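What the coordinates show
Here are the chains, one letter per residue:
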Amino acid sequence: MFPMVTGFMNYGQQTIRAARYIGQSFIITLSHTNRLPVTIQYPYEKSIMSERFRGRIHFEFDKCIACERYSKETIAYYSIDFGVCIFCGNCVEYCPTNCLSMTEEYELSTYDRHELNYNQIALGRLPISIIGDYTIQTVRNSTPIQIDKENSFDSRTITNY
């Protein structure tokens, strides 16, 4: 008779433990209902990129002096293939006249990879600013970084709130 009683006790303990786990998961689920959604509705909402974002390259033909790599004749046929570009920014960094710059444009997808080869005319076009477009709602995707000067030993300590 004792094994049957201990079996019922074990069953009761397991039932209580399972009910506790279900209750904890239900509380976690309810706590997530008060949070704001993380996703954005992409075509209608776009996130604002940071200042250091490296998007499509913008080329200003008038500033170019055809340094070491190109002559004035080959600059007329200058093109960048964004299908093989890794957006490292070295070309922008090493340009002596700052005729190359990185834009905030990140929508470069095409159905044909040959359309990613931009000539000097396509590189010279500035992208439409996301902030200036009234049909698109901008969303900031990063939280502001604040410096906590009261509780830190060093003023360089950065905390996210």
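Residues numbered from 1 in each chain as written. Predicted model: local features only at pLDDT ≥ 70, side-chain atom pairs only at ≥ 80, totals over all residues. Heavy atoms only, no water.

Going by an unreviewed UniProt entry, the chain carries the name 4Fe-4S ferredoxin-type domain-containing protein and comes from Rhynchospora pubera.

Time to look at the pattern of salt bridges. Counted under the stated rule, the structure contains 3 salt bridges. For Glu107, the salt bridge is made with Lys46, and the minimal N-O distance between the two is 3.0 Å. On the criterion of sequence distance, the pair formed by Glu107 in the loop between strand E4 (100-102) and strand E5 (117-119) and Lys46 in strand E1 (residues 45-47) is long-range, its members being 61 residues apart. Owing to a relative accessible area of 37%, Glu107 belongs among the partly exposed residues under this scheme. Residue classification places Lys46 among the buried residues on the basis of a relative accessible area of 12%. Its salt-bridge partner being Glu105, residue Arg56 comes within 2.6 Å of it at the nearest N-O pair. In this pair, Arg56 sits in the loop between E1 and strand E2 (57-59) while Glu105 sits in the loop between E4 and E5, placing the two residues 49 residues apart along the sequence. (Salt bridge = Lys/Arg side-chain N within 4 Å of Asp/Glu carboxyl O. Helix = DSSP H or I, 4+ residues; strand = E, 2+ residues; numbered from the N terminus. Buried < 20%, exposed > 50% of the residue type's maximum accessible area, 1.4 Å probe, protein only.)

Where two aromatic rings form a pair, the distance of their centres and the angle of their planes describe that pair. Across all of its chains, the model carries 4 aromatic pairs by this definition. Ring plane angle 70° and centroid distance 6.3 Å describe the contact between Phe59 and Phe61, whose orientation is recorded as edge-to-face. Since its relative accessible area comes to 36%, Phe61 is described here as partly exposed. Between Phe82 and Tyr118 the ring centres are 5.0 Å apart and the planes differ by 85°, which places this aromatic pair in the edge-to-face class. Here the residue Phe82 occupies a position in the loop between strand E3 (79-81) and helix H3 (90-94), and Tyr118 occupies one in strand E5, the gap between them amounting to 36 residues. (Phe/Tyr/Trp six-rings, centres within 6.5 Å; stacked < 30°, edge-to-face > 60°.)

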